Number of protein chains: 2
Amino acid sequence: MRVLVPFDAQEPNTRLDPVLDAEERRAFAGAMLADVLTALRETDCDLDIQVLATAPADVDADVSVDDRPLTPAVNAVLGATETPVAVVMADLPLTTPAAVERLFSHPADVVLAPGLGGGTNALLARHPEFRVDYHGVSYRDHREAAAAVGATVRTVDSFRLALDVDDPTDLAEVLLHSNGDAAAWLREAGFSVSAGSGRMTAERSG
Amino acid sequence: MRVLVPFDAQEPNTRLDPVLDAEERRAFAGAMLADVLTALRETDCDLDIQVLATAPADVDADVSVDDRPLTPAVNAVLGATETPVAVVMADLPLTTPAAVERLFSHPADVVLAPGLGGGTNALLARHPEFRVDYHGVSYRDHREAAAAVGATVRTVDSFRLALDVDDPTDLAEVLLHSNGDAAAWLREAGFSVSAGSGRMTAERSG
């Protein structure tokens, strides 16, 4: 199965700007991508993994560069590739082999893993006419798009796939639930979990 | 199996204060509790469900009142009840029968469903010495507490169990991913999903 991993090689994770500078965000994004690639490679599935990058990137995987926005770049592959095609975002450092295997094994034409905040963090398209639109509340839109082409839809209930690292509050989740490259990078950069009265946060020392 | 559903019948969901007044928060909390009870009753499991409330509550279920904080109230039941005992929080309106069945069927002495922000949204205790401590980053603490009594631990990877409704940003998740009582209450109160440039939010009209 073909698996695309879209990756912003230029200005990744801009909403982490309050806690990480541009160079740090690029390094952290690379670590998160490495975690996703590791999880995919540790599945029992026969996968053809391709990083779909916005610019040339030094990544330990096949890289194809497309400088268009995410939606047309993914749809170009969907239109040119025999299904099934999976799309797994690069900012999912909690991803495990078990979580993506659940995505890949669901018996439906379109399988969606919703992200926190209404996005679509991973999907599997087995229907040749399904196309993506990542703008807005894409989880809802992808359900409608699948129905519009007569495709059956299923959703994977996974916290690990739901947690895309988007803003600083997400960093604590990485520290708590992962021992991968991204978590190691954060620890090395001085971050640790801080318990408050509400949800935990990640605090940086020094 | 005994299932406890702790419920704050007095001042629930105080962090929703910016968008709901005290009376609304109580009504919304009741709707979320109803969704959790419905999901539990629709499982294929033989469950003895008990709402563990901080004060007398008009709830369609067996209610036991304990005005102590959450941790001693739950531990009193764990100490007096033959295991297994499950504890499922009342503010999980995305809960489905399938999600709790995954919790109940995991083969370990202690099964944990982490919440967003480091909490423990649901757990199953099959070990007679395991006790809870909901203060702080309880997911981490519960893993350590289980290990300390020689209990095996497993984690359920569920977005639906991870999403406890804690602050206003969570309301959009309820609207997007549920058709239960809590989602209906929000729609009736004028809330709808709003797509912005980042994660969606719930906006209130009128």
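See above for the structure.
Thresholds, definitions, all that
- Residues numbered from 1 in each chain as written.
- Chains lettered and ligands numbered in written order.
- Predicted model: local features only at pLDDT ≥ 70, side-chain atom pairs only at ≥ 80, totals over all residues.
- Heavy atoms only, no water.
- Helix = DSSP H or I, 4+ residues; strand = E, 2+ residues; numbered from the N terminus.
- Buried < 20%, exposed > 50% of the residue type's maximum accessible area, 1.4 Å probe, protein only.
- Areas by Shrake-Rupley, 256 points an atom, 1.4 Å probe, with all protein chains shown as cover.
- Lys, Arg positive; Asp, Glu negative; His and termini not counted.
- Charge placed at Lys NZ, Arg CZ, Asp CG, Glu CD.
- Polar contact = N/O pair within 3.5 Å; in protein donor to acceptor, adjacent residues only side chain to side chain.
- Contact = heavy atoms within 4.5 Å.
- Buried area = accessible area lost by both parts, 1.4 Å probe.
- Salt bridge = Lys/Arg side-chain N within 4 Å of Asp/Glu carboxyl O.
- Pairing = 2+ DSSP bridges.
- Axes fitted to C-alpha atoms, helices over the stretch in contact; angles between N-to-C directions.
- Phe/Tyr/Trp six-rings, centres within 6.5 Å; stacked < 30°, edge-to-face > 60°.
- Least-squares fit on C-alpha atoms with pLDDT ≥ 70 in both.
- Core = buried A, V, L, I, M, F, W, Y, C linked by side-chain atoms within 4.5 Å.
- Arc of directions from axis to C-beta.

Peer 1: I'm lost on the overall build of chain A in this one. Help?
Peer 2: Check the secondary structure of chain A and you find seven helices and nine strands. Taking the principal axes of its C-alpha atoms as reference, chain A extends roughly 55 × 40 × 35 Å. Each of the 206 residues in chain A was classed as buried or not, and the buried ones make up 53%. Of the roughly 8,500 Å² that chain A leaves accessible, carbon and sulfur atoms contribute 46%. Computed over 16 positive and 33 negative side-chain charges, the separation of the two mean positions in chain A equals 5 Å.

Peer 1: I'm lost on the side chain of Asn121(A) in this one. Help?
Peer 2: Secondary-structure assignment places Asn121(A) in strand E6 (residues 120-125). Of note is the side chain of Asn121(A), whose polar atom sits 3.3 Å from the side chain of Asp164(A).

Peer 1: What is the right way to look at the interface of chain A and chain B in this model?
Peer 2: Quite often, the size of an interface is put as the accessible area lost when its parts meet. Counting residues at the interface gives 31 residues for chain A, matched by 31 residues for chain B. Overall, the association of chain A and chain B removes approximately 2,500 Å² of surface from exposure, summing both partners, and the carbon and sulfur fraction of that is 57%. Taking the shortest distance from any N to any O, the salt bridge between Arg199(A) and Asp170(B) comes out at 3.1 Å. Between the two partners, chain A and chain B, sit 18 residue pairs in polar contact (both at pLDDT 80 or more). Elements that contribute at least two residues to the side of chain A that touches chain B include exactly helix H3 (97-105), helix H4 (138-148), helix H5 (159-162) and helix H6 (171-177) of chain A.

Peer 1: Is there a simple way to think about the sheet that holds strand E3 (residues 62-65) of chain A in this case?
Peer 2: Strands in a sheet are paired, the pairing made by backbone hydrogen bonds, and the direction either parallel or antiparallel. Residues and elements named next belong to chain A. An order of E3-E2-E1-E4-E6-E5-E7 is seen for the seven strands of this open sheet, with the pairing classed as mixed. Unpaired on one side and paired on the other, E3 and strand E7 (153-155) mark the two borders of the sheet. When strand polarity is set aside, the average angle formed by the axes of neighbouring strands in this sheet is 25°. In this structure, strand E2 (residues 48-53) lies alongside E3, joined through four bridges in parallel fashion.

Peer 1: Could you clarify how one ought to interpret the packing of aromatic side chains in this entry?
Peer 2: Both the distance between ring centres and the angle between the ring planes are used here to describe each pair of aromatic rings. All names here are of chain A. According to the stated counting rule, one finds two aromatic pairs over all chains in the structure shown. Between Phe-28 and Trp-185, the aromatic rings sit 5.5 Å apart at their centres with planes inclined by 45°, giving tilted as the arrangement. Remark: Trp-185 occurs in helix H7 (residues 181-188) and Phe-28 occurs in helix H1 (residues 22-41); sequence separation between them is 157 residues.

Peer 1: I'm lost on the sheet that holds strand E2 (residues 48-53) of chain B in this one. Help?
Peer 2: All names here are of chain B. Spatially, E3-E2-E1-E4-E6-E5-E7 is the arrangement adopted by the seven strands of the open sheet, whose pairing is mixed. Since the sheet does not close on itself, it has two edges, and those belong to strand E3 (62-65) and strand E7 (153-155), each with one partner. When the angles between neighbouring strand axes are averaged without regard to direction, this sheet yields 25°. Here six bridges tie strand E1 (residues 2-7) to E2, and the two strands are oriented parallel to one another. If you follow Val-5 over to E2, its bridge partner there is Val-51. With respect to the sheet, helix H1 (residues 22-41) is in contact with E1, E2 and strand E4 (85-88), its orientation differing from that of E1 by roughly 170°. Across the sheet, helix H4 (residues 138-148) is in contact with strand E5 (110-114), strand E6 (120-125) and E7; its angle to E5 comes to roughly 170°.

Peer 1: What is the right way to read the pattern of salt bridges from this model?
Peer 2: Opposite charge on two side chains permits pairing when their charged atoms draw close. Taken as a whole and assessed by the stated rule, the structure comprises 22 salt bridges over all chains. The structure contains a network of salt bridges with shared partners spanning Arg15(A), Asp164(A), Asp166(A), Asp167(A), Asp170(A) and Arg199(B).

Peer 1: I'm lost on the relation of the copies chain A and chain B in this one. Help?
Peer 2: Copy one and copy two of the chain differ by a rotation about a common axis and a shift along it. Mapping chain A onto chain B leaves a residual RMSD of 0.0 Å; the transformation is a rotation of 180° accompanied by 0.0 Å of translation along its axis. In symmetry terms, the pair is related by a two-fold rotation axis. Same-surface contact between copies: 100% of interface residues of chain A are shared with the interface of chain B.

Peer 1: Is there a simple way to think about the nonpolar core in this case?
Peer 2: What tends to happen in soluble globular proteins is that the nonpolar side chains get buried as a cluster. The biggest cluster of nonpolar side chains holds 147 residues, and the ones touching the most others in it are Phe28(A), Leu40(A) and Leu40(B). Apart from the residues within four sequence positions on either side, Phe28(A) is in contact with Leu16(A), Leu20(A), Val165(A), Leu171(A), Ala182(A), Trp185(A) and Leu186(A).

Peer 1: In this structure, what is going on with the environment of Val74(B)? I would like to understand it.
Peer 2: All names here are of chain B. Residue position: Val-74 is located in helix H2 (residues 70-80). Sequence-wise, Val-74 and Asp-170 are 96 residues apart; in three dimensions their C-alpha atoms are separated by 26 Å. Setting aside residues no more than four positions away along its own chain, Val-74 makes contact with Leu-4, Pro-6, Leu-52, Val-87, Val-132 and Tyr-134.

Peer 1: Explain the pairing of strand E9 (residues 201-204) of chain A here, please?
Peer 2: Moving residue by residue along a regular strand, the side chains alternate between the two faces of the sheet. Residues and elements named next belong to chain A. Pairing between strand E8 (residues 191-194) and E9: four bridges, direction antiparallel. Within E9, the residue paired with Ser-194 across the bridge is Thr-201. Counting the residues between successive antiparallel strands, the hairpin from E8 to E9 contains six residues.

Peer 1: Please explain H4(A) as it appears in this structure.
Peer 2: Residue and element names in this part refer to chain A. For H4, every residue scored as buried is listed here: Ser-138, Tyr-139, His-142 and Ala-146. The buried residues of H4 occupy one face: seen down the axis, they fall within an arc of 100°. Opposite the buried face of H4, at more than 90 degrees from it, the exposed residues are Ala-147 and Ala-148. At the exit of H4 stands Gly-150, carrying a positive phi of roughly 75°.

Peer 1: Just to check I follow, could you spell out the environment of Arg41(B) for this structure?
Peer 2: All names here are of chain B. Looking at the secondary structure, you find Arg-41 in helix H1. Taking the C-alpha atoms as reference points, Arg-41 and Gly-119, separated by 78 residues in sequence, lie 24 Å from one another. For Arg-41, the contacting residues outside a window of four places in its chain are Ile-49, Asp-60 and Ala-61.

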